[in-house]
Amino acid sequence: MADRPHAPARTRSVARAVLGGGASRGDVLGALTAWALIVPECVAYAQIAGVPPQNAFYAAPVALVAYVLLGRSRFLIIGATSAAAVLSGATVADVSSDPKQAVGLSAALAVLAGAVLLVAGLARLGFVTNFLAEPALNGFLFGMALTIVVRQAAKIAGTSSGDGQFFPRLWTLLRHLPHWSLTSLAVGAAALAALLAIERYAPKAPASLVVLVVALVVSAGLDLKQHGVEVVGKIPSAVPVPHLPGIPAADWGRLAGGACGVALVVFAEAFSIASRFAREHGDEVDADREMAAVGASNIAVGLFRGFTVSGSASRSAAAEAAGARTRLTSLIAAGLILLTGAFLTPLFTDLPEPVLGAIVIIAVRGFLSTAELRRYAKADHASLWVALTALFGVLLFDLLPGLLLAVALSLLLFIAAASTTRLSVLGKIPGSPLYGDTDRNPGATTVPGVLVVRPDGALFFGNANRTRLGLLALTAAAHPPPHTVVLDLSATYHLGVPVLDTLDELREALHHRGATLHLARLRAAARRDFDRHPLATRLGRDRVHRSVEDAMTATTAAEPPSSPWK
């Protein structure tokens, strides 16, 4: 009984820990801004994903609440995004083209992708995002945006873009030019112009919501449907109710492969947004925690008949600009969306499809910037090739193959770069006990007959033999020929068996040339690896030194070996 008065205080402390404090005026304004973007985009992204609009209303509030409970970013708004919708639609289409099965398959895909992320997060595998290079992601998003634009342009033209990837769809769209609807084109063009004008002259206004409301009024007043303009049609009330995907067991297996790729992209998109806001506001976000939170959000969405969700850059930025500072923004937005789905869906019946197409095109326009590609072209050709591989991979082969191609190229470039470690010849810097690269320190002095070399990178199985050959080449080019070679291993934190075997080969090759090998500055873990290898016995303790200075002191008086030593 004595503890009871403290219970409310404990409850408040828990709430503060979860939500980051009480709601402020900025949180409310941020929630209204997010809601103004989510509502029209729910309808648009549902169509991209190939599911009815009401399914987006099922998913939106569930995703927001699930992330608030588990995530840690104060600014990330979780929900349907263009990337997630396109990936979901493409993955589901590979399994079945039947629209009646799209809802169940999309929900199952969200559950599978969420499960992959949740398990990976619990296993602390958040570091895998480091292997999704930024150029690969930029190229992927550029290609994805072009694919979306072609599909939405068909809605504005009042025709079909057909099936297939970007180029077949573009050709179909152009081939149907004589059948384009002038009325649909006028509606779509007016919507695009209005969205751009509002962005330029009233940047704080919810452009999508304003255009959506005006389009609904004009469509109902002029009866655009009777003039050949496609409209959304009736949307049933959408109150989230738990519902299992209900698909055959075989379809779960067919979705599994695509779910892994979807999970990678979804988390990369969400974490990059959360990280950016964390850096800007001095926060910290944990990759493992965020991976689990995004995974749980997708599982929850799938169990409420939704489709894959991710972090939204546009909504997060808009909410933050409006003053949002805590995760209460997401909770308030979830409540507003629940009310919209329960009572306001009939208002969307007359919404013109060309307007939805215009909203989506403007939403993905930011991904079409060539600034990064130009920057890569000027400063980093390898990154440019990675980005272009992802871009054209998406356009030619679809989203996931394009991304995987870019990731594979990123890894190949990484391995190629790591396997070409530069070897620096070291000399003593005047007036200092330190040894530095003689190329960068022209005054550094060397000792005749002693060659001190440092690999400017960690040794591993991919570069060990190149390092051996490079060092032997330096030995052959040295004048006078060295009787001692000191190898500085300060950049290597772990010595695997292949590396130690190669060092043993180096020792023997140097010995046959009349030189002895000495090792300097072995890290603690590398020293433990070294001590377990036969090289430790063959080299001897007197040829392993704590510093280059110690090695020089021990070797300057050494005599060249007179016979092979093993």
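As a reminder, the structure under discussion sits directly above these lines.
The paragraphs below set out a description of the structure included in this document. It should be emphasised that the depicted structure is a prediction, and the values quoted were computed from it without experimental measurement.

Rules of the game
Along every chain, residues carry numbers that run from 1 in the direction the sequence is written. At least 70 in pLDDT is required for a residue's local features to be given in this predicted model, at least 80 for side-chain atom pairs to be given and counted, and no such filter applies to totals for whole chains, interfaces and linings, which use all residues. The side-chain quantities take in all heavy atoms of the structure and omit both hydrogens and water. Secondary structure is summarised from DSSP: a helix means a run of H or I of at least four residues, a strand means a run of E of at least two, and numbering begins at the N terminus for each. Each radius of gyration is computed over the set of C-alpha atoms, and the globule rule expresses the reference value as 2.2 Å times the number of residues to the power 0.38. A 1.4 Å probe rolled over the protein chains alone gives each residue an accessible area, and that area as a share of the maximum for its type sets the label: buried under 20%, exposed over 50%, partly exposed in between. Salt bridge criterion: a side-chain nitrogen from Lys or Arg within 4 Å of a carboxyl oxygen from Asp or Glu. Only buried residues count toward a nonpolar core, which is a set of Ala, Val, Leu, Ile, Met, Phe, Trp, Tyr and Cys residues joined through side-chain atoms within 4.5 Å. Any two strands with at least two DSSP bridges between them are considered paired. Residues enter patches when their relative accessible area tops 30% and they take part in no salt bridge; the joining distance is 9 Å for like charges and 5 Å for the nonpolar side chains Val, Leu, Ile, Met, Phe, Trp and Tyr. The method behind every accessible area is Shrake-Rupley, applied with a 1.4 Å probe, and residues are considered shielded solely by the protein chains displayed. To estimate how far a helix should reach, multiply one less than its number of residues by 1.5 Å. Pairing of N or O atoms within 3.5 Å defines a polar contact, subject to two protein rules: one partner must be a possible hydrogen donor and the other a possible acceptor, and residues neighboring in sequence count only if both atoms are side-chain atoms. Pairing of aromatic rings covers Phe, Tyr and Trp, the last through its six-membered ring, and needs centres within 6.5 Å; plane angles under 30 degrees mean stacked, over 60 mean edge-to-face, and all others mean tilted. Axis lines are fitted to C-alpha atoms, over the contacting stretch for helices. Their N-to-C directions set the angle, which ranges from 0 to 180 degrees. Between 65 and 115 degrees an angle is taken as roughly perpendicular, under 35 as roughly parallel, over 145 as roughly antiparallel, and anywhere else as oblique. Note on convention: near helix rotated counterclockwise from far helix by under a right angle means a left-handed crossing. Clockwise means right-handed. Contact definition: two residues touch when any of their heavy atoms are within 4.5 Å. The crossover handedness rule: strands pointing away from the viewer, path from first strand over the helix to second strand clockwise, crossover right-handed.

1. Points about the overall build of the chain
Then comes step 1: Looking only at helices and strands, one finds 22 helices and 8 strands in the chain.
Then comes step 2: Computed over C-alpha atoms, the radius of gyration of the chain comes to 31 Å, more than 25% over the 24 Å expected from 2.2 N^0.38 for 566 residues, which places it beyond the range of a compact globule.
Then comes step 3: Over its C-alpha atoms, taken along the principal directions, the chain stretches across nearly 100 × 80 × 50 Å.
Then comes step 4: A total of 566 residues make up the chain; the buried ones form 50% of that total.

2. Some details on the pattern of salt bridges
Then comes step 1: All chains considered together, the criterion is met by 16 salt bridges.
Then comes step 2: A salt bridge links Asp439 to Arg422; its shortest N-O distance comes to 3.2 Å. A residue pair is termed long-range when its members are at least 10 positions apart, and Asp439 in the loop between strand E4 (435-437) and strand E5 (450-455) and Arg422 in the loop between helix H17 (399-418) and strand E3 (423-428) qualify at 17 residues.
Then comes step 3: Since its relative accessible area comes to 34%, Arg422 is described here as partly exposed.
Then comes step 4: Across the pair Arg527 and Asp531 runs a salt bridge whose closest N-O atoms are separated by 3.0 Å. Remark: Asp531 and Arg527 occur in helix H20 (residues 524-531); sequence separation between them is 4 residues, near one turn of the helix.
Then comes step 5: The exposure class of Arg527 is partly exposed, given its relative accessible area of 26%.
Then comes step 6: Exposure remark for Asp531: the relative accessible area of 42% places this residue in the partly exposed category.
Then comes step 7: Overlapping salt bridges bring together Arg422, Asp437, Asp439, Arg454 and Asp456 as one network.

3. Brief notes about the nonpolar core
Then comes step 1: Judged by nonpolar contacts, the single largest core of 104 residues is most densely connected at Phe140, Phe307 and Leu351.
Then comes step 2: Among the elements that make up this core, the one with the highest residue count is helix H10 (residues 249-281) (13 residues).
Then comes step 3: Among the nonpolar cores identified, the runner-up in size contains 26 residues, and Val453, Leu503, Leu519 and Phe530 belong to it.

4. A few points about the sheet that holds E4
Then comes step 1: Here 6 strands make up an open sheet; going across it, the order is E4-E3-E5-E6-E7-E8 and the pairing mixed. Sheet topology places E4 and strand E8 (544-545) at the edges, where each strand pairs with a single neighbour.
Then comes step 2: Two strands pair when backbone bridges link them, and strand E6 (residues 484-488) and strand E7 (residues 516-520) are joined in this way by 5 bridges, in the parallel orientation. Within E7, the residue paired with Asp488 across the bridge is Ala520.

5. What to know about a nonpolar patch on the surface
Then comes step 1: A contiguous nonpolar surface patch, about 480 Å² in accessible area, is contributed by Phe167, Phe392, Leu396, Phe397 and Leu405.
Then comes step 2: A total of 3 residues in the nonpolar patch trace back to one element, the largest contributor, which is helix H16 (residues 381-397).
Then comes step 3: In this structure, Leu405 sits in helix H17.
Then comes step 4: Classification of Leu405 as partly exposed rests on a relative accessible area of 39%.

6. A short note on helix H5 (residues 99-122)
Every α-helix carries 3.6 residues per turn, so stepping three or four residues along brings you back to the same face.
Then comes step 1: Taking 1.5 Å of rise per residue, 24 residues should cover 34 Å, and H5 covers 35 Å from first to last C-alpha, within 8% of that figure.
Then comes step 2: Between the side-chain oxygen of the N-cap and the backbone nitrogen of Lys100 there are 3.0 Å, and the N-cap of H5 in question is Asp98.

7. A closer look at the packing of aromatic side chains
For any two aromatic rings, the description comes down to two numbers: the centre-to-centre distance and the angle of the planes.
Then comes step 1: Enumeration according to the criterion identifies 5 aromatic pairs in this entry.
Then comes step 2: Centroid distance Phe57 to Phe348: 6.0 Å. Interplanar angle 45 degrees. Geometry classified as tilted. Here Phe348 lies in the loop between helix H13 (328-344) and helix H14 (353-364) and Phe57 lies in helix H3 (residues 53-70), a separation of 291 residues in the sequence. Neither residue differs from the other here; Phe57 and Phe348 are each classed as buried.

8. Describing the packing of helix H4 (residues 82-95) against H10
Then comes step 1: Contact pair H4 / H10: the axes reach a minimum separation of 10 Å and the direction vectors enclose 165 degrees. One way to sum up the angle between H4 and H10 is to call them roughly antiparallel. Viewed along their axes, H4 and H10 form a crossing whose handedness is right-handed. The segment H4 lies against H10, with Ala83, Ala84, Leu87, Thr91, Asp94 and Val95 engaging Asp251, Arg254, Leu255, Gly258, Val262, Val265, Val266 and Glu269.

9. Side note on the pairing of E6
Then comes step 1: Counting buried positions over the 5 residues of E6 gives 5, a clear majority of the element.
Then comes step 2: Taking every second residue as pointing to the same face, both faces of E6 are buried, with Thr484, Val486 and Asp488 on one and Val485 and Leu487 on the other.
Then comes step 3: With 4 bridges joining them, E5 and E6 adopt parallel strand pairing. Across the sheet, Val453 pairs through a bridge with Leu487, a residue of E6.
Then comes step 4: For the segment spanning E5, helix H18 (residues 464-477) and E6, crossover handedness is right-handed.
Then comes step 5: Note on the crossover from E6 through helix H19 (residues 497-512) to E7: the handedness is right-handed.

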